[in-house]
Amino acid sequence: MNSVGSISEFYCLAIVILEIVLLVLFLLRIYIVAKKPKRFPVLRTTGMWYPKTLKILLGVSMVLLMVATPFFINFKSGIKPFIPDYHNNLLMILLILICGTEIFLSFSMSKDLVEKIFRKVWLSVVVIGLLPLSIFMIGQIPEIFKYPPNQDCYVLDLPVKGVWRASEAGGTESVNYHNAFKGQKYAIDIVKIGKGGSMFEGDGKVISDFYAMGANVYSPVDGIVVHEIDSLPNADISFSPMDTVNPAGNHVVVEFEPDRFVFLAHLNTSSVTVKKGDTIQKGDLIGQVGNSGNTTLPHLHMHIQDLPVIEYEHSTGFPFRFKLMKRKRLLIWRTLTNEFLIRNDLFKNPS
Ligand SMILES: [Zn+2]
């Protein structure tokens, strides 16, 4: 599978199957409840402590799952950039519907649950599976949003214009794979998006299908260019490692404070408009997004480190926030100052 279109189709098919399974399970559940309407209220019935305990624990699991699932789908899922937004929303609606129905039903218990041993065993198995899972998922939520405070972050301008998605970003490994490497900590990978939140048009087989390809890149800082290269070729779309000898591909390095360097990487061949030694300002055009270096598809990689060369272990990456941006995290666009990105955030310039 070497086209993003076919990967996207595969994920969409998997999501559609999951949505159908969830819908059938939901309708089946409603049918069974409607067919056997005799139910005992959990809170006002005396005795029957075992089925009552099971229903309460199931209700608690469902509340936790209903809260945690949207965070997992929206921030921890790496497949979100590959599926249309409406599938993402439909999946969330179905999960919320199922959890909400079970929460409502957990206030009562069926005659079968009270009388039949196999129903108690089955529900016990479900609760033993779901309760630890839901507690684990809730425990993961704070990790998603962890990021150094304002005073520990550098403040940058956005390096691009238009609407973009952060495909990797954030302060922890749970939302940003870069954080596994000391020198790449807090790095972001961003992709430009178009209709329906998609990052490409056509079948996503060639790099020119991607909205990010050729997009202008602007300096996010005032500083001095200490390194630039744009002679490397763009890679084809591939999901196996590409140019590991030149992982950053064509890139520009700008020193904006003593020993603080911002890297803008995977640029287009022959697109860099600045030269080593140039003094540049925020907003100056420095090149175009490309697909050079160790990259799977056209995107811009940006990070700050304390060395002027790519060094994964002996350099240190630094956190940064954007001075001003519009950001859509979960539901609504908001204009924000000094804020950071996490995986799957959408963002654009406020103007
Ligand atoms: Zn990256």
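Residues numbered from 1 in each chain as written. Predicted model: local features only at pLDDT ≥ 70, side-chain atom pairs only at ≥ 80, totals over all residues.

Topic: the overall build of the protein
Secondary structure summary: the protein contains five helices and 16 strands in total. Dimensions of the protein, computed from C-alpha atoms along their principal axes, come out at roughly 80 × 45 × 40 Å. (Helix = DSSP H or I, 4+ residues; strand = E, 2+ residues; numbered from the N terminus.)

As for the packing of helix 2 (residues 49–76) against helix 3 (residues 85–105)
With their axes 8 Å apart at the nearest point, helix 2 and helix 3 run at an angle of 170° to one another. One way to sum up the angle between helix 2 and helix 3 is to call them roughly antiparallel. For the pair helix 2 and helix 3, contact is made by L58, G59, M62, V63, L65, M66, T69, P70 and I73 and by N88, L91, M92, L95, I96, C99, G100, E102 and I103, respectively. (Axes fitted to C-alpha atoms, helices over the stretch in contact; angles between N-to-C directions. Parallel < 35°, antiparallel > 145°, perpendicular 65-115°, else oblique. Contact = placed C-beta atoms within 7 Å.)

Observations concerning the domain arrangement of the protein
With domains assigned, the protein is organised as domain 1 (4–145) and domain 2 (150–348). Here the C-alpha centroids of domain 1 and domain 2 sit 38 Å apart. Listed per partner, the contact involves 14 residues of domain 1 and 20 residues of domain 2. Elements with a contribution of two residues or more to the side of domain 1 that touches domain 2: helix 1 (4–35), helix 2 and helix 5 (117–145). Among the residues making up the side of domain 1 that touches domain 2, the classes are represented as six nonpolar, four polar and four charged. (Domains from an automatic or database assignment. Nonpolar A, V, L, I, M, F, W, Y, C, P; charged D, E, K, R; others polar.)

Here's the deal with the environment of A248
On the secondary structure map, A248 appears in the loop between strand 7 (223–229) and strand 8 (250–257). On the basis of neighbour count, A248 is assigned to the buried category, with 24 C-beta atoms found within 10 Å. Separated by 220 residues in sequence, A248 and L28 have C-alpha atoms that sit 52 Å apart. Leaving out residues up to four positions away in the same chain, A248 has contacts with F263, A265, G293 and I310. (Buried ≥ 20, exposed ≤ 12 C-beta atoms within 10 Å, placed from the backbone.)

Details of helix 2
Counted at 1.5 Å a residue, the expected span for helix 2 with its 28 residues is 40 Å, and the 38 Å between its end C-alpha atoms agrees. A maximum bend of about 30° is found in helix 2 at A68, where proline P70 lies one to four positions downstream. Within helix 2, the full set of buried residues consists of P51, L54, K55, L58, S61, M62, L64, L65, A68 and F75. Against the buried residues of helix 2 lie helix 3, strand 2 (108–110), helix 4 (111–115) and helix 5. (Expected span 1.5 Å × (residues − 1). Bend = angle between axes of the 7 residues up to and from the residue.)

A short note on unusual backbone geometry
Unusually for a residue other than glycine, Y186 sits at a positive phi of about 70°. If you check the backbone angles, H266 has positive phi at about 70° while not being a glycine. With respect to the helices, strands and loops of the structure, H266 is situated in strand 9 (residues 260–267).

Regarding the packing of helix 2 against helix 5
A pair of packed helices is captured by two measures, namely the crossing angle of their axes and the spacing between those axes. Between helix 2 and helix 5, whose axes approach to 7 Å, the crossing angle comes to 35°. Every pair of crossing elements has a handedness; the one defined by helix 2 and helix 5 is left-handed. By residue class, the composition of the contact of helix 2 with helix 5 is 22 nonpolar, three polar and two charged. (Left-handed = near helix turned anticlockwise from the far one by under 90°.)

Focus: the nonpolar core
Grouped together as the largest cluster of nonpolar side chains are 53 residues, with contacts concentrated most on A212 and L264. Looking at this core, the elements that each hand over two or more residues are strand 4 (164–168), strand 5 (188–192), strand 8, strand 9, strand 12 (300–305) and strand 14 (320–329). Setting aside residues up to four positions removed in sequence, L264 forms contacts with P159, V217, H251, V252, I286, L300 and M302. In terms of nonpolar packing, the next biggest core, distinct from the first, is built from nine residues, L54, L65, L91 and C99 among them. (Core = buried A, V, L, I, M, F, W, Y, C linked by C-beta atoms within 7 Å.)

A closer look at the pairing of strand 4
Among the five residues in strand 4, five count as buried, and that is most of the element. Bridge analysis of strand 4 against strand 5 gives four bridges, and the strand direction is antiparallel. Within the sheet, the bridge partner assigned to R165 lies in strand 5 and is V191. In terms of strand pairing, strand 4 meets strand 16 (residues 346–348) through two bridges, oriented antiparallel. Within strand 16, the residue paired with W164 across the bridge is F347. (Pairing = 2+ DSSP bridges.)

Re the environment of M325
Inspection of the secondary structure assignment puts M325 in strand 14. Accessibility expressed as a C-beta count within 10 Å gives 22 for M325, which makes it buried. Measuring from C-alpha to C-alpha, the distance between M325 and H301 comes to 18 Å, with 24 residues separating the pair along the chain. Other than its neighbours up to four places away in sequence, M325 contacts L158, L336, E339, F347, N349 and P350.

Side note on the pairing of strand 14
With three bridges connecting them, strand 3 (residues 154–156) and strand 14 associate as parallel partners. Among the inter-strand pairings, V155 is bridged to a residue of strand 14, identified as R321. Sheet topology places strand 14 next to strand 15 (residues 332–339); seven bridges connect them, and they run antiparallel. Bridging from a neighbouring strand, R327 pairs with R334 of strand 15. Connecting strand 14 to the next strand, strand 15, in antiparallel fashion are two residues, including L330 with a positive phi near 70°. Looking at chain direction, strand 14 and strand 16 are connected through three bridges and run antiparallel.

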